[in-house]
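Residue-level structural notes
Each chain, written out:
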Amino acid sequence: TLDPHSFPTRRSSDLKIMNEILKFITDAKVFYLATVEGDKPRLRPFGFAMEHEGKIYFCTSNQKDVYKQLVTNPYFEICTMSDKGQWIRLQGKAVFDKNLEAKAKVFKVMPDLLKMYKTPENPIFEVFYVAEGTATLYSFSDAPRVITL
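These remarks concern the structure in this document. As the structure is a computational prediction, the values presented were derived from the model and not from experiment. (Residues numbered from 1 in each chain as written. Predicted model: local features only at pLDDT ≥ 70, side-chain atom pairs only at ≥ 80, totals over all residues. Heavy atoms only, no water.)

With that settled, consider the packing of aromatic side chains. Evaluated as defined, the whole model comprises 12 aromatic pairs. Seen from their ring centres, Trp87 and Tyr138 are 5.5 Å apart, and the 10 degrees between their planes marks the pair as stacked. Here the residue Trp87 occupies a position in strand β6 (residues 86-97), and Tyr138 occupies one in strand β7 (residues 125-139), the gap between them amounting to 51 residues. Of the aromatic side chains, those joined through ring pairs into one cluster are Phe31, Phe46, Phe58, Tyr67, Phe76, Phe96 and Phe128. Cation over ring: Lys55 sits above Tyr129, and NZ or CZ is 4.7 Å from the ring centre. (Phe/Tyr/Trp six-rings, centres within 6.5 Å; stacked < 30°, edge-to-face > 60°. Helix = DSSP H or I, 4+ residues; strand = E, 2+ residues; numbered from the N terminus. Lys NZ or Arg CZ within 6 Å of the ring centre and 35° of its normal.)

This part is about the environment of Val146. Considering the arrangement of structural elements, one finds Val146 in strand β8 (residues 145-148). Separated by 122 residues in sequence, Val146 and Phe24 place their C-alpha atoms 14 Å apart.

Turning next to a nonpolar patch on the surface. Nonpolar side chains collect at one region of the surface, where Val30, Tyr32 and Leu43 lie side by side and expose about 280 Å² of accessible area between them. Relative to the helices and strands, Val30 resides in the loop between α1 (15-27) and β1 (31-37). With a relative accessible area of 37%, Val30 lands in the partly exposed category. (Patch = residues over 30% accessible without salt bridge, like charges linked within 9 Å, V, L, I, M, F, W, Y side chains within 5 Å. Areas by Shrake-Rupley, 256 points an atom, 1.4 Å probe, with all protein chains shown as cover. Salt bridge = Lys/Arg side-chain N within 4 Å of Asp/Glu carboxyl O. Buried < 20%, exposed > 50% of the residue type's maximum accessible area, 1.4 Å probe, protein only.)

Glancing now at unusual backbone geometry. Phi at Lys29 takes a positive value of approximately 75 degrees, unusual for a residue other than glycine. In the Ramachandran plot, Glu132 falls in the positive-phi region, its phi being about 50 degrees despite a non-glycine side chain. Structurally, Glu132 can be placed in strand β7.

With the rule as written, the count across this model stands at 8 salt bridges. Here Asp39 and Lys40 are joined by a salt bridge, their closest N and O atoms 4.0 Å apart. According to the relative accessible area criterion, Asp39 is exposed, its value standing at 67%. A relative accessible area of 43% places Lys40 in the partly exposed class. Note that Lys105 and Glu51 form a salt bridge whose closest N and O atoms lie 3.5 Å from each other. Of this pair, Lys105 sits in helix α3 (residues 100-109) while Glu51 is found in strand β3 (residues 50-52), placing the two residues 54 residues apart along the sequence.

Generally speaking, nonpolar side chains in soluble globular proteins are found buried as a group. In this structure, Ile21, Ile56, Phe58, Phe76, Leu90 and Phe128 are the most contacted members of the largest nonpolar core, which totals 24 residues. Mapped onto this core, the elements with two or more residues apiece are α1, β1, β4 (55-61), α2 (65-72), β5 (75-81), β6 and β7. With 6 residues, the top contributor of residues to this core is α1. (Core = buried A, V, L, I, M, F, W, Y, C linked by side-chain atoms within 4.5 Å.)

With that out of the way, let us pick up α2. Restricting attention to buried positions, one finds in α2 the residues Val66, Tyr67, Gln69 and Leu70. One side of α2 carries all its buried residues, which in axial view fall inside an arc of 165 degrees. On the buried face of α2, the contacting elements are β1, β2 (40-46), β4, β5, β6 and β7. (Arc of directions from axis to C-beta. Contact = heavy atoms within 4.5 Å.)

Below, the structure written as C-alpha cells:
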C-alpha cells in the first residue's frame with residue numbers, strides 16, 4: 001500500500017516514487033486506460049506496465065483502436081483502485097518507442113505476452129511510455145497527493 005504522506009506535492013523525478021506508482025498499478029492487476037476518439041471517451045482494461053530507463057511503459061498492438069486513438073491524440077489517463085480503499089489516476093502523454101531493448105524487456109516482465117506477439121521485432125507490437133505524467137493518489141481519509149513525473 002502506498003503511504004499517501006510519502007508523496008511530496010512538489011515536482012519529483014525520483015525513481016523510488018515512480019516505482020511506488022508502478023507497484024500500485026501492477027499490484028491492482030487490472031487498470032483502466034482512457035483515451036478519446038473524436039469527441040467520445042474510450043476506456044479499456046490493461047494488465048501490463050513496467051519500468052524501463054526510469055519511465056513507466058505499457059504495450060499494445062498497432063492493430064487496436066487504442067493505438068490509433070493514442071496516435072491521433074496521445075493524452076491518456078489510467079485509473080485503478082487498491083483493496084485498501086486507495087485509488088490512483090495517472091495522466092500523461094503516450095510516447096511510442098521503437099527501442100527493441102524495451103520491447104524485449106516486456107517479455108521478461110510478462111512472458112505470457114510472447115504467445116501474442118512472439119518477438120520484439122513483430123511489426124504490430126508497440127510499446128509506449130508516459131511523458132508529461134502526473135499521478136494523483138486518493139483515499140477516503142486523506143487529501144489527494146499529486147506527483148509530477
